[in-house]
Amino acid sequence: MKLRLAFAGLGNVARELARILEERRLELGRRSIELTTTAIATANHGCVTCDRGIELIDAARLVERGGSLSELPGVVSHSEPFQLIERCNADVLFETSPLNATDGEPAISYIRGALARRMHVVTANKGPVAFAHKELRALASRFGVVFRFESAVMDGAPVFNLVDDCLPGVEVIGFEGILNSTTNLILSSMESGLDFGEALEKAQQLGVAEANPDFDIDGLDATMKTVALANVLMGSNLKPADVSTTGIRGINSAQLADAHREGFAIRLIARSTRTAGGVEALVAPERVGLNTLFGTATGTSNVLLLQTDLMGELALFEKDPGLRQTAYGLFSDLLRIAASC
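Values in this document were obtained by computation on a predicted structure and should not be read as measured data.

A few words now on the packing of helix α5 (residues 107–116) against helix α6 (residues 126–142). Their axes nearest at 10 Å, the elements α5 and α6 cross at an angle of 10°. Classified by the interaxial angle, the pair formed by α5 and α6 is roughly parallel. Here A107, I108, I111, R112 and L115 of α5 lie close against α6, whose contacting residues are P128, F131, A132, E135, L136, L139 and A140. Of the residues belonging to the contact of α5 with α6, the class tally is 10 nonpolar, no polar and two charged.

So, on to the sheet that holds strand β8 (residues 172–178). As summarised here, the arrangement of the six strands in space is β9-β11-β10-β8-β12-β13, forming an open sheet in which the pairing is mixed. The strands lining the two open edges of the sheet, one partner per strand, are β9 (244–245) and β13 (313–318). In this structure, strand β12 (residues 302–308) lies alongside β13, joined through six bridges in antiparallel fashion. Bridge pairing links L304 to L316 in β13. In the packing of helix α11 (residues 220–233) onto the sheet, the strands contacted are β8, β9, β10 (264–275), β11 (278–289) and β12, and the crossing angle to β11 comes to about 135°.

Any two side chains of opposite charge can pair, so long as their charged atoms come close to each other. One pass over the full model with this rule turns up 24 salt bridges. For the salt bridge of D221 with K126, the shortest nitrogen-to-oxygen distance reads 3.1 Å. Of this pair, D221 sits in helix α11 while K126 is found in helix α6, placing the two residues 95 residues apart along the sequence. For D165, the salt bridge is made with R336, and the minimal N-O distance between the two is 2.4 Å. You can see D165 sitting in helix α7 (residues 159–166) and its partner R336 sitting in helix α13 (residues 323–340), a full 171 residues away along the chain. Look at D165 and you get partly exposed, because its relative accessible area is 42%. What you see here is one network of salt bridges that share partners, running through R15, E16, R19, E23, E64 and R324.

Taken in spatial order, the seven strands line up as β4-β3-β2-β1-β5-β6-β7 in an open sheet, and their pairing is mixed. Each edge of the open sheet is held by one strand with a lone partner, namely β4 (76–78) and β7 (147–148). Two elements, strand β5 (residues 92–95) and strand β6 (residues 120–123), share four bridges in a ladder whose sense is parallel. Bridge assignment links E95 to a residue of β6, and that residue is T123.

Before going further, it helps to examine the side chain of R148. Inspection of the secondary structure assignment puts R148 in strand β7. Engagement of the side chain of R148 in a polar contact is seen with the side chain of D333, the distance being 3.2 Å. In this structure R148 touches V121, V122, T123, N161, D333, R336 and I337, once residues within four positions along its chain are discounted.

The terminal C-alpha atoms of α11, which comprises 14 residues, lie 20 Å apart, in line with the 20 Å expected from a rise of 1.5 Å per residue. Among the 14 residues that make up α11, 13 are buried, leaving the element largely enclosed by the rest of the structure. Once α11 ends, the next one or two residues include G235, with phi positive near 70°.

Counted under the stated rule, the structure contains five aromatic pairs. Both rings, one in F147 and one in F149, keep their centres 5.1 Å apart while their planes meet at 55°; by these two values the pair is tilted. We note that F147, like F149, is buried. Grouped by ring-pair contacts, the aromatic residues F147, F149 and F160 constitute a single cluster.

Two faces belong to every sheet, and in a regular strand the side chains alternate between them. Residue alternation in β6 divides its side chains into two sets, H120 and V122 and V121 and T123, and both sets are buried. Of the pairings in the sheet, the one linking β6 to β7 comprises two bridges and is parallel in character. Paired with V121 across the bridge in β7 is F147. For the segment spanning β6, α6 and β7, crossover handedness is right-handed.

Let's shift gears to the environment of K319. Position of K319 among the secondary structure elements: in the loop between β13 and α13. Each C-alpha atom, one on K319 and one on T298, is 8.5 Å from the other, the two residues being 21 residues apart in sequence. Excluding anything up to four places from it in sequence, K319 contacts T298 and S301.

About the thresholds
- Residues numbered from 1 in each chain as written.
- Predicted model: local features only at pLDDT ≥ 70, side-chain atom pairs only at ≥ 80, totals over all residues.
- Heavy atoms only, no water.
- Axes fitted to C-alpha atoms, helices over the stretch in contact; angles between N-to-C directions.
- Helix = DSSP H or I, 4+ residues; strand = E, 2+ residues; numbered from the N terminus.
- Parallel < 35°, antiparallel > 145°, perpendicular 65-115°, else oblique.
- Contact = heavy atoms within 4.5 Å.
- Nonpolar A, V, L, I, M, F, W, Y, C, P; charged D, E, K, R; others polar.
- Pairing = 2+ DSSP bridges.
- Salt bridge = Lys/Arg side-chain N within 4 Å of Asp/Glu carboxyl O.
- Buried < 20%, exposed > 50% of the residue type's maximum accessible area, 1.4 Å probe, protein only.
- Polar contact = N/O pair within 3.5 Å; in protein donor to acceptor, adjacent residues only side chain to side chain.
- Expected span 1.5 Å × (residues − 1).
- Phe/Tyr/Trp six-rings, centres within 6.5 Å; stacked < 30°, edge-to-face > 60°.
- Right-handed = clockwise from strand over helix to strand, strands pointing away.

As structure tokens, this is what we get:
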């Protein structure tokens, strides 16, 4: 199976995927999967195509050095990503552009354009899943391709694939979870004696928190993931604005110490439930027992507890994930596309 790849974004996650693809080259060959990268679009390093193929690992290293993709041999430069998607010769688009929490653009339009050109799409971007999942799934079906997004929630843990592939006939009636690594690291660091500022600085030094961490601290990242899960697993039509959201900005060390003395930890919990009026969701800090599944999740660990009609409660626990786990989610989606072609 020969697959031509295009990339919208070549940031940290996409570059880690490039390393995985390089490491797994022989294994992919044994599976009769031959990959050629024919297009790469970035915001700051140029947009290029080459039908003969671009060495993806070389492109990743070039971007890490701050260079321009136009330096790569044999490439044709394009003015912007939309033009590249329109003209590139590819079978699969990896969409890893930065999240826009307002409306999911321009990622949604990138994906829409690629699907209309009969490209499969794999994304790690939660925005398109939260804002346009049903539209994009329908568009993919119309053009005979697939839209996959395992890395959008809980990195590479098989959340969506678990339900799709392993739970036929099961209805997800609710879920609760710890879905944001930054806030979980901050809270568990504060339990160890750091104040809020020190815990945030630690998260930034580890590369978990962004230079501007407001999106995580105020609960918005967890809200986007909650909407994505509810819309995909529970068939809802929620938007981020529909979710009652409270972040961790008001949590202090004294509150954490008081909770600990009483046998509790404080975690940012995302919840969704099916009610007579539809699907409801909220994100807020909660007290959880120290010895419970949520209480034992420290550092960057994530947890998701699915509530189902036929299988009761099922839990996924992801221990201290990083870039490699997110990139693996992209890789696993690629393998599933190759297997289906």
